[in-house]
Structure formats: C-alpha cells, structure tokens
Amino acid sequence: MTVNTIYMLYLVLTVISLHLIVMPIVIGVYASVDTVRDEGELRVAFFGLPIFVKHIKPNSVMKKINVKEEAGNDVNKNDKKKKVGKLAAAVKSFAMSVAVEIVKRIRIRHLRLVGIIGTGDAAITAFIVGTMKIACAQAGAYFGFHGEISNLTPNYDSERLDLAFSGIFSITTADIIYAVCVVLIKKIKTKCGGHSGARSVYGKYIAG
C-alpha cells in the first residue's frame, strides 16, 4: 500500500466520520392510553424502524400501583434504605447532568398530543386540560417547534382518559459529545474552584 493510498484512505475515513458526527439521529415516539378500552401502547422507532414496542393495560397498571402503595405504607422505610458508594453516586450525577445537556439540544421535528380528558369534576377537568395545553405550547416554544401541538377535548360528564402522543426528535453525535464536554468542564471548574477557595480561606492564617 503506497503512501498516497494511505493518505486517500485517511481522507475518506475522516469525511465519513465527520458526516456521521453531524448526521441527525432521528427517534420517533408514539404513546397512547385509553382507560375505557383498557388499552395502551408505547412504541419507539430509530430512523423509522421500531426498536421497542410495549402494550399495556392502564387500568391493571393503576391497580398494581395502588396495591404497592398500600403495601409500602406498612413497611418500615428504614429497612429499604441502601448505601450507595461515592463512585456510583458520582457516576449517576454525571450521567444526569449529561442527560440534561442532551435534552437542551434535542430538536423537535413533529409533536402532537390528541385526546379526551375527563376526571368527573368539570372544574378540575377544565383546569387540567388548560394546563396541559399551556405546557405543550411552552415545550414547543422552548425547543423551537412551531405549529399546533395539542388538540385536547375535555369530557365533563365522566371519568375518561384517552390520549395519543406522537413525536419525532433528532440529535447529532456532535451534540452528545458537546454535552459530555460541557459537563466535564463544569465539573473540573467546580473542583478547581473549591480547592482555590480553600487555599484563599486558609492562606491568610498561614501568611499571618
């Protein structure tokens, strides 16, 4: 293999790598729930290909949650506490910080929430529907998505939850790398700042 061939191969790999770094990673999410039919579904797609599909029965899930809450009230909370090592806590904190930075850089290509909401109380139903519409509008504005997001209809006569959510989100590998770098720099600055602050506090006593 000649030097020119190696050089051309290096250029090709560099171009491909740069393309992959800036290429959008498209993720689609669809979720639906209907308490009347006791049907629910969660579907996640990667570049249009389904990678996760889960069918649930919302009424059964709510019953299980209520049973666990009742059982949890009879158990001593101190027995459930587990000691977490400093390393595990640090890794968790770092991962959460990176996740927050990644969320800030997510781009919304499609966002839609359609459904019927009823709580059995007209005032509470109107409040919940209004709040959800405002929250959807604010979320769209925050992520730079323009267009109608929610189409929610209140049901003042009975208890009902029939919702369907669909969204298409994108992010690049460069965004993920950037998020990791931002968190690392913040951690380093915080750590260095703490040490320098300690030296400044005790420095006057040492000098004196």
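(A) Quick peek at the overall build of the chain. When its secondary structure is counted, the chain shows five helices and six strands. Written out in order from the N terminus, the α and β elements of the chain read α-β-β-β-α-α-β-α-β-β-α. For the chain, with 208 residues in total, the buried portion stands at 18%. For the chain, long-range pairs separated by at least 24 residues make up 69% of all intrachain contacts whose partners lie at least 6 apart in sequence. Carbon and sulfur atoms make up 66% of the accessible area of the chain, which amounts to about 15400 Å² in all.

(B) Inspection of the sheet that holds strand β6 (residues 159–172) at higher detail. The mixed open sheet is built from six strands, whose spatial order is β3-β2-β1-β6-β4-β5. A strand with exactly one partner marks an edge of an open sheet, and here the two such strands are β3 (49–56) and β5 (150–154). Going from strand to strand, the sheet's axes swing by 5° on average, the running direction of each strand aside. One ladder, built from seven bridges, connects strand β2 (residues 39–46) with β3; its direction is antiparallel. Looking across to β3, one finds that Phe-46 is bridged to Leu-49. Sitting on the sheet, helix α4 (residues 122–142) touches β4 (107–119), β5 and β6, and the angle it makes with β4 is about 180°.

(C) A look at the pairing of β4. Pairing of β4 with β6, which is carried by twelve bridges, proceeds in the antiparallel orientation. From the neighbouring strand, Arg-112 faces β6, where its bridge partner is Ser-166. Direction of pairing for β4 relative to β5: parallel, over a ladder of five bridges. Paired with Ile-116 across the strands is Thr-153, a residue of β5.

(D) Summary view of the side chain of Ser-32. Counting through the fold element by element, Ser-32 comes out in strand β1 (residues 24–34). A residue is classified by how much of its surface remains accessible, and Ser-32, at 17% relative accessible area, is buried. In contact with Ser-32, other than residues within four places in its own chain, are Glu-39, Gly-40, Glu-41, Leu-163 and Ala-164.

(E) Spotlight on the pattern of salt bridges. If you walk through the whole model with that rule in mind, you get seven salt bridges. Two residues, Lys-186 and Glu-101, come together in a salt bridge whose shortest N-O distance is 3.2 Å. Linking Lys-186 in helix α5 (residues 173–207) with Glu-101 in helix α3 (residues 86–104), this pair joins segments that are 85 residues apart in sequence. Overall, Lys-186 belongs to the partly exposed group, its relative accessible area being 47%. Linking Arg-107 and Asp-175 is a salt bridge whose minimum nitrogen-to-oxygen distance equals 2.7 Å. Linking Arg-107 in strand β4 with Asp-175 in helix α5, this pair joins segments that are 68 residues apart in sequence. A residue is classified by how much of its surface remains accessible, and Asp-175, at 5% relative accessible area, is buried. Connected through salt bridges with shared partners, the residues Glu-101, Lys-104 and Lys-186 form a single ionic network.

(F) Summary view of α4. With 21 residues, α4 should cover 30 Å at 1.5 Å per step; its first-to-last C-alpha distance of 30 Å lies within 8% of that length. Taken residue by residue, α4 has Thr-125, Val-129, Cys-136 and Gly-140 as its buried positions. The arc enclosing the buried residues of α4, seen along the axis, measures out at 30°, which places them on a common side. Away from the buried face of α4 by more than 90 degrees, exposed residues Ala-123, Phe-127, Ile-134, Gln-138, Ala-141 and Tyr-142 are located. Structurally, α4 contributes buried residues whose contacts are with β4 and β5. Two or three places before Ala-123, at the opening of α4, Asp-121 has a side-chain oxygen 3.0 Å from that residue's backbone nitrogen. Just downstream of α4, Gly-144 is the residue with a positive phi angle, here 75°.

About the thresholds
- Residues numbered from 1 in each chain as written.
- Predicted model: local features only at pLDDT ≥ 70, side-chain atom pairs only at ≥ 80, totals over all residues.
- Heavy atoms only, no water.
- Helix = DSSP H or I, 4+ residues; strand = E, 2+ residues; numbered from the N terminus.
- Buried < 20%, exposed > 50% of the residue type's maximum accessible area, 1.4 Å probe, protein only.
- Contact = heavy atoms within 4.5 Å.
- Areas by Shrake-Rupley, 256 points an atom, 1.4 Å probe, with all protein chains shown as cover.
- Pairing = 2+ DSSP bridges.
- Axes fitted to C-alpha atoms, helices over the stretch in contact; angles between N-to-C directions.
- Salt bridge = Lys/Arg side-chain N within 4 Å of Asp/Glu carboxyl O.
- Expected span 1.5 Å × (residues − 1).
- Arc of directions from axis to C-beta.
- Polar contact = N/O pair within 3.5 Å; in protein donor to acceptor, adjacent residues only side chain to side chain.

Coordinates in, geometry out; function isn't part of it.
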